[in-house]
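A closer look at the structure
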Amino acid sequence: KGLKMADNEFIVVPGHPGLMKKILREGSDDGTPAQGDMVSVHYSGTLTQDGSKFDSSRDRPGTFEFQVGVGQVIKGWDSGIVTMKKGELCILRCTSEYGYGDSGSPPSIPGGASLDFEVELFKWWEKLKETWEMSSEEKVIAAEKAKVDGTLHFKEGKFGDAIEKYKRGVSLVKDLAQGEEEGAIGDKESPQGAAATALCLSLTLNCAMARLKANMEYKEAIDDCKLALSLDSKNIKALFRMGQAYCKKGDYDEAKKQLDLLLEIEPGNTDAEAEKKRVDSAASKAKKNEKAMFSKMFA
């Protein structure tokens, strides 16, 4: 609806009278790229007048990737590629206004030339801002999204992917939570600062849990818990998970120390008491194994 037919099955792209499109192969129904997204394409460019080729990404290794809609490419591409679906193959026919204008791009593209681009769209993805480009509010929003994505990975058992998402979230709000960034949100006493602190704490604890579930990166899990305790010195989850991490590392004395601290804060915590028994059992087993190893060495 709203598409105007042109010659040879080309359609005029709505709102862009100097840009026409002909679909050679339909794409999937997964939507289309948004302005600002990164896209991955192959293309071949020819002069409309005589079909002579002036450029092709297929002549070089890899696909061509760029951020669409921000002026990195010609107007015809910025306006046309956002109409494409994943897997679609089409021809974008650009008047000079949507190509290289009256000056062209010598020597291969003369001034005022109309151009045809055969374009295949493979994928697109949101281009994330660098941390330094974000406002405090944008950092919090991005960290919240990282937490949601990380939790989805965690529920699917993809602990490595979950860890990466949680780490990304922590990196975005850590300075805000610790009050090390200028602005009201960096003030832990303000509502925004308190929200950033709570978010950082949650991300940090989730990251530690994912590391423990993955049976890897125990030192990093301990560091996560230490960061959590710097934000909330009596956090039960941080002490419990640090105890678990020390136990998995084989540092049973330190594991019991963290669990004892937890029980001082919350006497009768059944999870901590049960974990202490597991630590004692693991320590006893490790000691027996050590004795058996030495007895074999000196037998």
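Here the structure is a predicted model, which means the values were calculated and not measured.

**Overview of helix H5 (residues 218-231)**
A rise of 1.5 Å per residue sets the reference length of H5, with its 14 residues, at 20 Å; its end C-alpha atoms lie 20 Å apart and thus fit the reference within 8%. Looking at H5, one finds that the buried residues are Tyr218, Ala221, Ile222, Asp224, Cys225, Leu227, Ala228, Leu229 and Leu231.

**Here's the deal with the nonpolar core**
Grouped together as the largest cluster of nonpolar side chains are 44 residues, with contacts concentrated most on Tyr166, Val173 and Leu203. Counting residues per element, the ones that place at least two in this core are helix H2 (136-155), helix H3 (159-177), helix H4 (191-213), H5, helix H6 (236-249), helix H7 (252-265) and helix H8 (270-297). Among the elements that make up this core, the one with the highest residue count is H4 (ten residues). Core analysis: the next-biggest nonpolar cluster, separate from the first, contains 25 residues, Val41, Leu47, Val73 and Ala113 among them.

**Some points on the state of the cysteines**
This model, assessed by the stated rule, comprises zero disulfides. In this structure Cys207 is a free cysteine whose sulfur lies 9.7 Å from that of Cys225, the closest cysteine sulfur available. Residue Cys207 is classed as buried on the basis of its relative accessible area, which comes to 1%.

**Some points on the confidence of the model for the protein chain**
Summarising the model, the protein chain shows a mean pLDDT of 90, and 92% of its residues fall at 70 or more. For residues 1-6, every residue scores under 50 in pLDDT, and the model assigns this stretch twelve contacts once sequence neighbours within four places are set aside. Contacts for the low-pLDDT stretch residues 182-186, under 50 throughout, to residues beyond four places or in other chains number twelve contacts.

**Regarding the packing of H6 against H7**
Between H6 and H7, whose axes approach to 7 Å, the crossing angle comes to 165°. Compared by their axis directions, H6 and H7 come out roughly antiparallel. Relative to H7, H6 is oriented so that their crossing is left-handed. In this structure, H6 contributes Ile236, Leu239, Phe240, Met242, Gly243, Tyr246 and Cys247 to the contact, and H7 contributes Tyr252, Glu254, Ala255, Gln258, Leu259, Leu261, Leu262 and Ile265.

Rules behind the numbers
- Residues numbered from 1 in each chain as written.
- Predicted model: local features only at pLDDT ≥ 70, side-chain atom pairs only at ≥ 80, totals over all residues.
- Heavy atoms only, no water.
- Helix = DSSP H or I, 4+ residues; strand = E, 2+ residues; numbered from the N terminus.
- Expected span 1.5 Å × (residues − 1).
- Buried < 20%, exposed > 50% of the residue type's maximum accessible area, 1.4 Å probe, protein only.
- Core = buried A, V, L, I, M, F, W, Y, C linked by side-chain atoms within 4.5 Å.
- Disulfide = S-S within 2.5 Å.
- pLDDT = per-residue confidence, 0-100.
- Contact = heavy atoms within 4.5 Å.
- Axes fitted to C-alpha atoms, helices over the stretch in contact; angles between N-to-C directions.
- Parallel < 35°, antiparallel > 145°, perpendicular 65-115°, else oblique.
- Left-handed = near helix turned anticlockwise from the far one by under 90°.

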